[in-house]
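Working through the structure, step by step
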Amino acid sequence: MAENEVILLNFWPSMYGMRVRVALAEKGVKYEYKEENLGEKSHLLLEMNPVYQKIPVLIHNGKPVFESLNVVQYIDEVWKDKAQLLPFDPYEKYEAIFWADYVEKVFDSGRKLWMNKGEEQQTKKKNYIDSLRMLEGILGEKPYFGGEKIGFLDIALIGFCSWFYTYEKFGDFNTEDETPKLIAWMKRCMQRESVSKCIDEPLEVYDFALKIRKKYGIE
């Protein structure tokens, strides 16, 4: 294997994979992208992530790193010379990691929203919007969660941008009406080439979600 070879195993609509792609772009790391078929997982994926057998997996010089937040933290520690993502201050670093873990709960609320219907969906919608409002409160008046520059928590949440439209369509609400500061943050992030090139088209994600709902007989 070539020195400093970087490979990313991913599935295109994955929010978790988008995190890793943005982190690599922010650091200016060149890598080989390998698209996975999760219905027929590759030998390489099973070999590199035998425990969870999930994407994304970053392979750096033949060694796998998985679980997306772990991957982003690894990228930040290995490529230190550009775009520091986690704060140096221990408490600020703890806060960024804590809220990044909270984003996992937001992802779960969003998934339950678009994978349900009827009364149960309305309950999930409330939980989802409440979690977004919590994050909006953490953002406050800052341009980014990382302060004046994009940081670890921004990257933890950024994959949501491509899924907002899907949540809105199935939940019948407008994210900008509910959390205007969060949408302003999203638009600010999308002006960065590192983000815009790594975040998938919302209509394509919505089409993917429709197919998944049909597959599970939700429609």
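Data block above holds the structure.
What comes next concerns the included structure. (Residues numbered from 1 in each chain as written. Predicted model: local features only at pLDDT ≥ 70, side-chain atom pairs only at ≥ 80, totals over all residues. Heavy atoms only, no water.)

1. Focus on the overall build of the protein
Across its full length, the protein holds 11 helices and 4 strands. Taken against the 2.2 N^0.38 rule, which gives 17 Å for 219 residues, the C-alpha radius of gyration of the protein at 17 Å falls within 12% of a compact globule. Considered along the principal axes of its C-alpha atoms, the protein spans approximately 55 × 45 × 30 Å. Counting across all 219 residues of the protein, residues that qualify as buried make up 49%. A separation of at least 24 residues holds for 71% of the contacts in the protein among residues at least 6 apart in sequence. Carbon and sulfur atoms make up 51% of the accessible area of the protein, which amounts to about 11,400 Å² in all. Computed over 31 positive and 36 negative side-chain charges, the separation of the two mean positions in the protein equals 2 Å. (Helix = DSSP H or I, 4+ residues; strand = E, 2+ residues; numbered from the N terminus. Rg over C-alpha atoms; globule rule 2.2 N^0.38 Å. Buried < 20%, exposed > 50% of the residue type's maximum accessible area, 1.4 Å probe, protein only. Contact = heavy atoms within 4.5 Å. Areas by Shrake-Rupley, 256 points an atom, 1.4 Å probe, with all protein chains shown as cover. Lys, Arg positive; Asp, Glu negative; His and termini not counted. Charge placed at Lys NZ, Arg CZ, Asp CG, Glu CD.)

2. Things to note about the sheet that holds strand β3 (residues 57-60)
What the 4 strands build is an open sheet, ordered β2-β1-β3-β4; its pairing is mixed. On the outer flanks of this sheet lie β2 (32-35) and β4 (63-66), each paired with one strand and no other. Taking each pair of neighbouring strands and ignoring which way they run, the sheet shows an average axis angle of 20°. Judged from the 4 bridges that link them, strand β1 (residues 6-10) and β3 form a sheet pairing that is antiparallel. By the bridge assignment for β3, L9 is matched with V57. Packed onto the sheet, helix α1 (residues 15-27) meets β1, β2 and β3 and runs at close to 155° relative to β1. The sheet strands contacting helix α3 (residues 68-78) are β3 and β4, and the helix crosses β4 at an angle near 125°. (Pairing = 2+ DSSP bridges. Axes fitted to C-alpha atoms, helices over the stretch in contact; angles between N-to-C directions.)

3. Overview of the packing of helix α5 (residues 118-139) against helix α9 (residues 180-190)
It is at 8 Å that the axes of α5 and α9 come closest, and there the two elements cross at 70°. Here α9 runs roughly perpendicular to α5, going by the angle between their axes. Crossing geometry of α5 relative to α9 is assigned as left-handed. Between α5 and α9, the residues in contact are L132, E136 and L139 and P180, K181, L182 and W185, respectively. Grouping the amino acids of the contact of α5 with α9 by side-chain chemistry returns 5 nonpolar, no polar and 2 charged. (Parallel < 35°, antiparallel > 145°, perpendicular 65-115°, else oblique. Left-handed = near helix turned anticlockwise from the far one by under 90°. Nonpolar A, V, L, I, M, F, W, Y, C, P; charged D, E, K, R; others polar.)

4. Re the pairing of β4
Of the strand pairs in this sheet, β3 and β4 are connected by 4 bridges, and their pairing is antiparallel. Within β4, the residue paired with H60 across the bridge is K63.

5. Description of helix α7 (residues 164-171)
Within α7, 6 of the 8 residues are buried, which leaves it mostly tucked inside the rest of the structure. Looking only at α7, the buried set comprises F164, T166, Y167, E168, F170 and G171. On its buried side, α7 packs onto α1, α4 (90-114), α5, α8 (175-178), α9 and α11 (202-215). D172, located one to two residues past α7, shows a positive phi value of around 55°.

6. Quick notes on the pattern of salt bridges
A pair can form between side chains of opposite charge whenever their charged atoms are brought close. All chains considered together, the criterion is met by 14 salt bridges. With a closest N to O distance of 3.1 Å, K112 and D108 form a salt bridge. One end of the pair, K112, and the other, D108, are both in helix α4, 4 residues apart, so they sit about a helical turn from each other. Take K112: its relative accessible area is 29%, and that puts it in the partly exposed class. Judged by relative accessible area, D108 falls into the partly exposed class, the value being 30%. Note that R133 and E178 form a salt bridge whose closest N and O atoms lie 2.4 Å from each other. With R133 in helix α5 and E178 in helix α8, this pair connects stretches of sequence that are 45 residues apart. Of the residues examined, R133 reaches a relative accessible area of 41% and is grouped as partly exposed. One continuous salt-bridge network, built from bridges that share partners, spans K126, D130, R133 and E178. (Salt bridge = Lys/Arg side-chain N within 4 Å of Asp/Glu carboxyl O.)

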